[in-house]
Amino acid sequence: MKRIYVNEDWCLGCHLCEYYCTFANSGLESMAYALKGKPLSPRIQVEEEGEIHFAVSCRHCDNPVCVKSCITGALSVEDNVIHCDTNKCVGCYTCIMACPYGCIMPATSGVIQKCELCTNNAHQKPLCVQGCPNEAIVFEER
Amino acid sequence: MNYVIIGNSAAAIGCVEALRSSDPAGIITLISSEPHHTYSRPLISYLLQGKTDEERMKYRPDDFYQTNHVCAKLGCTVTKIDAKNQKVMTDSGETIAYSKLLIATGSRPFVPPMEGLETVKKQFHFMTLDDAKALEKALGPDQKVLIVGAGLIGLKCAEGILHRVQSVHVVDLADRILPSILDAEAAPRVQKHLEEAGVSFTLGASVKKFKANEAHLTNGEKVPFDIVVLAVGVRPNVELAKEAGCAVGRGIVVDENSKTTVANIYAAGDCTETVNAATGKTQVMALLPNAYLQGEAAGRAMTGGRDGFSTAIPENAIGFFGLHLITAGNYEGEADLVEDTETCYKKLFVKDGRLVGYMLIGDVHRAGIYTDLIRKKTPLASLDYDMLRKEPQLLAFSRTARDAMLAKSH
């Protein structure tokens, strides 16, 4: 199955992936309207120090401890993508406690948000990958 | 194969899902005393709070039993296990044979003796959907509620009902709230937040007797009430297992494959006792994620799998009136108070060069990175602890470890 993988050596630390992610999940058609004057709320996050930069987003694990820990049944696996039913989620953050990669975050709505490989929005393919200028994140089979 | 599951919550569902991933054909019969479709027990406080409803509380979709070809006998109670002949008997007079049996009977409220309790008309527990619905009927703006127990159940109940009653007062014998997950330094922070929201407390005291609509406490205080919620603690439901010959300590004794000491009988969830991977000691860990993972391990073992579940640790993610806390592991070893500010409290516990526990209040982001270090017993010498203690982050790991996490499939 295709997943997002990180080529750490190629990451420039430009944070464009975070902008594209916020836009992709905003539901808006214009990137300018989606981002202007609003706080970034990406589901991918760049970690960096000195010369090291890399982006982290949901690994869509084969053995997803977040799904198995979810107390509500809001998290599930659909076609190999870990999906959150935000209508069921109550924002208890058990999944934040469980994810070994720190890839699930609180959403401004009070529940949680996570990368769903853009299957949950209009873009259908990860927009962060499409927007990465240096192929530091790729969407492929490994 | 004839699989029989007693129970219908996280451990039972984990078992069904594991069974079906490797045995599409075996017959699964699931028997539960509660008449409801599988639902999330911890959500009952959110139900009373108005943050969810019965439909959204369903732990799995409506077609779960159908899709997984499970014969669900809901509202049916198993009265006896005949281990010798591999059969269970139910209260409707049915006898059901099993090749493999899972006991996932959960726990029930523990009520210490309190004088005059039998005279309290409006008294409730707070564990099941039916408990919550019964309590809901009694709520009203003129009602004063006394909650006995300042643990997770009692305090979530307080949050759920506060806006629907005149007052909520909580009494606990312990000297602090949430004594099982917070230490004496952290607990007052959360208590203050609850008090600001409107909940009041008497700690270090218990109810000596109930007289009319007044609770007389051991410290001499008298607390008026209309409704009493009993949330002192829970006890594992072990009776069926015990009668069937399974070894029972505080909970049903199981190994990492959730096998009991009796052939072809497995047990999982709140009714069992498990090894705490952070301490190596055996205890009852009545927590939903562990219940699911134990149930799943049972399902795998029933179909011949051997990769059990051996990383159970105490872990809690919980919030009260917008304040989130996550705790995990145990609090032995050296305490490292990393942050103690207005908005965030963070304490890590390190023993023998490994992270063994943590408490986060306020800022809980990426806490799972810490949880995983506890579960995996990762030596802290293999990463940059100074960096990690400030923020849970993958930067603190070696490049090789990071590549394994981010550049490989898993």
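Everything quoted here is computed from the prediction, not taken from an experiment.

Attention now moves to the overall build of chain A. For chain A, the helix and strand inventory stands at five helices and eight strands. Going from N to C terminus, chain A has its helices and strands arranged as β-α-α-β-β-α-β-β-α-β-β-α-β. Against the globule reference of 14 Å for 142 residues, chain A gives a C-alpha radius of gyration of 15 Å, in line with a compact fold. Expressed as a percentage of its 142 residues, the buried residues of chain A come to 46%.

At the junction of the two partners, chain A supplies 31 residues and chain B supplies 40 residues. Where the side of chain A that touches chain B is concerned, the elements lending two or more residues are β1 (3-6), β2 (45-49), β3 (52-56), α3 (65-69) and α4 (94-98) of chain A. With four residues, α4(A) is the largest single contributor of residues to the side of chain A that touches chain B. In terms of residue class, the side of chain A that touches chain B is built from 17 nonpolar, six polar and eight charged.

All names here are of chain B. With antiparallel pairing, three strands are arranged side by side in an open sheet as β4-β5-β6. Of all the strands in the sheet, the pair left with one neighbour each is β4 (78-82) and β6 (95-97). Sheet twist, expressed as the mean angle between neighbouring strand axes with direction ignored, is 20°. Direction of pairing for β4 relative to strand β5 (residues 87-90): antiparallel, over a ladder of four bridges. Looking across to β5, one finds that Asp82 is bridged to Lys87.

Hydrogen bonding along the main chain pairs the strands of a sheet, whether they run parallel or antiparallel. All names here are of chain B. Spatially, β3-β2-β1-β7-β19 is the arrangement adopted by the five strands of the open sheet, whose pairing is parallel. The strands lining the two open edges of the sheet, one partner per strand, are β3 (70-74) and β19 (265-267). The average undirected angle you get between the axes of adjacent strands in this sheet is 15°. Both strand β1 (residues 2-6) and strand β2 (residues 27-32) contribute to a ladder of five bridges, which runs parallel. Bridging from a neighbouring strand, Asn2 pairs with Ile27 of β2.

Residue and element names in this part refer to chain A. Mapped onto the elements, Cys17 comes out in helix α1 (residues 16-24). In sequence terms Cys17 and Ala55 are 38 residues apart; their C-alpha atoms lie 7.9 Å from each other. Leaving out residues up to four positions away in the same chain, Cys17 has contacts with Ile44, Val46, Ala55, Cys128, Gly131, Cys132 and Ile137.

Residues and elements named next belong to chain A. Considered domain by domain, chain A is made up of domain 1 (1-57 + 120-142) and domain 2 (60-114). With centres defined by C-alpha atoms, the gap from domain 1 to domain 2 works out at 19 Å. Across the boundary between the two partners, domain 1 contributes seven residues, which contact 10 residues of domain 2. Of the residues assigned to the side of domain 1 that touches domain 2, the class counts are two nonpolar, three polar and two charged.

Definitions and limits used
- Residues numbered from 1 in each chain as written.
- Chains lettered and ligands numbered in written order.
- Predicted model: local features only at pLDDT ≥ 70, side-chain atom pairs only at ≥ 80, totals over all residues.
- Helix = DSSP H or I, 4+ residues; strand = E, 2+ residues; numbered from the N terminus.
- Rg over C-alpha atoms; globule rule 2.2 N^0.38 Å.
- Buried ≥ 20, exposed ≤ 12 C-beta atoms within 10 Å, placed from the backbone.
- Contact = placed C-beta atoms within 7 Å.
- Nonpolar A, V, L, I, M, F, W, Y, C, P; charged D, E, K, R; others polar.
- Pairing = 2+ DSSP bridges.
- Axes fitted to C-alpha atoms, helices over the stretch in contact; angles between N-to-C directions.
- Domains from an automatic or database assignment.

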